[in-house]
Amino acid sequence: MLVRHDEKAPVARLLTFLEHGERMANECAKAQATLAPDSGSRRFLLSQARQEAAHAVVFQGAIAWLAPRHLGCAPFLPALEEYREKLKDALARQDLLETFLAEQVILEGLGEVILTRIEEGLVKRNAPFGRLRRILLQQEEAHHGFGRRMLERAMAEGRIDAETLSRSAQGYLALTDRMVLTLSDLFESIDEDPSAWARDVWTFLPEWLTRLSQEAISCQPSATVVPEQLRAEC
Ligand SMILES: [Fe+2]
Ligand SMILES: [Fe+2]
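The model shown is predicted, which means the values in this text are computed figures rather than measured ones.

Q: Before we go on, may I ask you to explain helix α6 (residues 162-189) in this structure?
A: Spacing of three or four residues puts side chains on the same side of an α-helix, whose turn is 3.6 residues. Its 28 residues place the ends of α6 38 Å apart at the C-alpha level, agreeing with the 40 Å of an ideal helix rising 1.5 Å per residue. At Q170, α6 shows its maximal bend, which comes to roughly 35 degrees. Regarding α6, the residues found buried are L165, A169, Y172, L173, L175, T176, M179, V180, T182, L183 and F187. Once α6 ends, the next one or two residues include D191, with phi positive near 60 degrees.

Q: How should the environment of G130 be read in this particular structure?
A: With respect to the helices and strands, the residue G130 is situated in helix α5 (residues 130-156). The exposure class assigned to G130 is exposed, which follows from the 12 C-beta atoms found within 10 Å. Along the chain, G130 and E119 lie 11 residues apart, while their C-alpha atoms are 8.5 Å from each other.

Q: Would you mind going over the nonpolar core with me for this structure?
A: Within soluble globular proteins, side chains that are nonpolar tend to cluster in buried spots. Residues L15, L101, I106 and M179 are the most contacted members of the largest nonpolar core, which totals 47 residues. The set of elements that each furnish at least two residues to this core consists of α1 (8-35), α2 (39-66), α3 (78-92), α4 (96-124), α5 and α6. A per-element tally of this core places α1 first, with 11 residues. In this view, L101 contacts I106, L151, L165, S168 and A169; residues no more than four positions away in its chain are not counted.

Q: So what exactly am I meant to see when it comes to the packing of α2 against α5 here?
A: Packed helix pairs are characterised by how far apart their axes lie and by the angle those axes make with each other. Two elements in contact, α2 and α5, have axes whose closest approach is 11 Å; the angle formed by their N-to-C orientations is 145 degrees. The way α2 lies across α5 gives a crossing that is left-handed. Residues S41, F44, Q48, Q51, H55 and V58 of α2 form the contact with α5, whose participating residues are L132, L136, Q139, H143, F146 and M150. Partitioning the contact of α2 with α5 into residue classes produces 6 nonpolar, 6 polar and no charged.

About the cut-offs
Residues numbered from 1 in each chain as written. Chains lettered and ligands numbered in written order. Predicted model: local features only at pLDDT ≥ 70, side-chain atom pairs only at ≥ 80, totals over all residues. Helix = DSSP H or I, 4+ residues; strand = E, 2+ residues; numbered from the N terminus. Expected span 1.5 Å × (residues − 1). Bend = angle between axes of the 7 residues up to and from the residue. Buried ≥ 20, exposed ≤ 12 C-beta atoms within 10 Å, placed from the backbone. Core = buried A, V, L, I, M, F, W, Y, C linked by C-beta atoms within 7 Å. Contact = placed C-beta atoms within 7 Å. Axes fitted to C-alpha atoms, helices over the stretch in contact; angles between N-to-C directions. Left-handed = near helix turned anticlockwise from the far one by under 90°. Nonpolar A, V, L, I, M, F, W, Y, C, P; charged D, E, K, R; others polar.

Next up, the structure:
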């Protein structure tokens, strides 16, 4: 058996989390395309939106194959909902650079970590659709790379600086910390190593952001993160 019976619920919850992340990325990329300053980035964002919609369908299919009972369940994950609200607010303010930071750089960086870790687990279990998963991961890498280039270009042209971006990143990173803790519990329940996975999160962020963010964290009197349980509500 590829996935043990007792692994099905946590894996389905993880896939539900990813499916919701894909839908959020789809909506965000569509909204970003309307704010894009040039036709090249508008085209990229519209094609990203199409790819994110397809990714959501892939995860939905995986849930249906693995644990149909969990199909259509909503993941109870307040941190993800708060993230969506913050991103919506940045889109409403038409702050395109903040949305690149929050969606393509931070959230898709986290998505890449999750997918890479899942990939290792799936290869170990001889799961099918390896080629499809590799295409999906390549597309995610391209979205993340696009966001980083847009911010680097804006910094090079003096439209924003690393300190300002790093300040806006703090609220988003605090929310991804909470998501990481929740997902770590899930990884533990399917015998994956959550500490190796948690370490990976920082390796997917640009150096200028991790350096400034770690300085900001070490200046805080106490950084406490409240874990929350990811559960499915049907
Ligand atoms: Fe995606
Ligand atoms: Fe993406």
